[in-house]
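Spelled out, the chains give:
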Amino acid sequence: MSRHHNQSIYRDYFFIFIGATLVGLSYNIFLLPAKLAAGGLSGVSTILYELFRLSPAFTQFIMNIPIFIIGWMVLGRDFSKKTLVGTFWVPFVIWLSQDLPFHVTNPLLGALYGGIVLGLGLGLVYKGNGSTGGTAAIAQIVKKFTGISSGYSQFIVDGLVVIASLVVFNLELTLFALMAIYITGKAIDVVQIDTSRTKLILIITEHEDKIQALIKEEIDRGLTKVRSIGGHTQMEKTMILCVAEQQEAVHLKKRLQEDDSSFVIFLNASEILGRGFTLDKYDGQKL
């Protein structure tokens, strides 16, 4: 258990470092050159850079300090070492990459690709159970005291940043910033939900022994059986639930097509926790 726990921690920190690096690069390559204040402290630092030429890396670092302290006091253990790493690694990457020779100034391309890279980065950070601090921390504090959902509180905080950008930039750039926020949210969902190539397979059959043997012997997966009754025939049948990897599901589909008496449904499984997926398939078993 300890070994698996340590592997999980290393995996989380790997995701946080890679994700936070992408967040910093997306800012310097796409968002800042295109003048897109796409919410968050990055949006605030973009506005301050446009007005006073303040270093975005320095600005984000300084603003994150009181937010992190307040968040630690208010939210307690929710602000772990992972949050500390994500919070301050982003401005460090922005400082390291501030003199990159390539950047995108077109606001459409900046919103599109900046939103994608930013979303992928944040998705990886969240996948590592971390945070980049900033307005995400403010949103959590707002949620704690108001009771509104995380999504709404984040939308309110980011919305205020975008409205402030309207004063500094023109309406067109503000609309591109809103587009970047939308794309970022979709990219986060892709990383957190849709990256799993696993399938939930539902098999309604009268030949449960045959199907059970097929699943066990040919793809070596576990299954769950649920007794059910056909709504049309009123006959007792068995519904078998099985989760398999993409290639295993393809193989099982070919074999099940040989049995036209079974009713089979393949569904995308967003995330699987447990033996055979996040745990070793034979962990603790005597083989």
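The preceding data block contains the structure.
Everything numeric here is computed off the predicted structure, so don't read it as measured data.

1. Considering the packing of aromatic side chains
Part 1 of the argument: All told, the structure shown has 6 aromatic pairs when counted by the stated rule.
Part 2 of the argument: The ring of Y49 has R53 lying over it, and the distance from NZ or CZ to the ring centre is 4.6 Å.

2. Some details on helix α4 (residues 81–96)
Part 1 of the argument: Helix length check: α4 (16 residues) gives 22 Å between terminal C-alpha atoms against 22 Å at 1.5 Å per residue, within 8%.
Part 2 of the argument: Helix geometry: α4 is bent most strongly at W89, by close to 25°, with proline P91 lying one to four residues after it.
Part 3 of the argument: Those residues of α4 not exposed but buried are K82, T83, G86, T87, V90, P91, V93 and I94.

3. Things to note about the packing of helix α9 (residues 208–219) against helix α10 (residues 246–256)
Part 1 of the argument: One can describe the packing of α9 onto α10 by two numbers: an axis separation of 11 Å at closest approach and a directional angle of 140°. Relative to α10, α9 is oriented oblique. Of the two elements, α9 crosses α10, and the hand of that crossing is right-handed. Touching I211, L214, I215, E218 and I219 of α9 are E248, H251, L252, R255 and L256, all from α10.

4. Notes on the sheet that holds strand β4 (residues 263–269)
Part 1 of the argument: Ordered in space as β2-β3-β1-β4, the 4 strands form an open sheet in which the pairing is antiparallel. This sheet does not close on itself; its edge strands, each paired only once, are β2 (224–229) and β4. Neighbour to neighbour, the strand axes of the sheet diverge by 25° on average, direction disregarded.
Part 2 of the argument: Against the sheet, α9 makes contact with β1 (198–205), β2 and β3 (236–245), and its axis sits at roughly 10° relative to β3, the strand it touches most.
Part 3 of the argument: In this fold α10 packs onto β1, β3 and β4, with an angle of close to 145° to the strand it touches most, β3.

5. Considerations on the pairing of β3
Part 1 of the argument: Pairing of β1 with β3 involves 8 bridges; the strand directions are antiparallel. Bridging from a neighbouring strand, L200 pairs with V243 of β3.
Part 2 of the argument: In terms of strand pairing, β2 meets β3 through 6 bridges, oriented antiparallel. Across the sheet, K225 pairs through a bridge with I240, a residue of β3.
Part 3 of the argument: Hairpin connection between β2 and β3: a loop of 6 residues separates the two successive antiparallel strands, and Q234 in this loop has a positive phi of roughly 65°.

6. Examining the side chain of S165
Part 1 of the argument: Locating S165 in the fold gives a position in helix α7 (residues 150–168).
Part 2 of the argument: Judged by its relative accessible area of 2%, S165 falls in the buried class.
Part 3 of the argument: Aside from chain neighbours lying at most four places away, what touches S165 is A37, I47 and T174.

Conventions we followed
- Residues numbered from 1 in each chain as written.
- Predicted model: local features only at pLDDT ≥ 70, side-chain atom pairs only at ≥ 80, totals over all residues.
- Heavy atoms only, no water.
- Phe/Tyr/Trp six-rings, centres within 6.5 Å; stacked < 30°, edge-to-face > 60°.
- Lys NZ or Arg CZ within 6 Å of the ring centre and 35° of its normal.
- Helix = DSSP H or I, 4+ residues; strand = E, 2+ residues; numbered from the N terminus.
- Expected span 1.5 Å × (residues − 1).
- Bend = angle between axes of the 7 residues up to and from the residue.
- Buried < 20%, exposed > 50% of the residue type's maximum accessible area, 1.4 Å probe, protein only.
- Axes fitted to C-alpha atoms, helices over the stretch in contact; angles between N-to-C directions.
- Parallel < 35°, antiparallel > 145°, perpendicular 65-115°, else oblique.
- Left-handed = near helix turned anticlockwise from the far one by under 90°.
- Contact = heavy atoms within 4.5 Å.
- Pairing = 2+ DSSP bridges.

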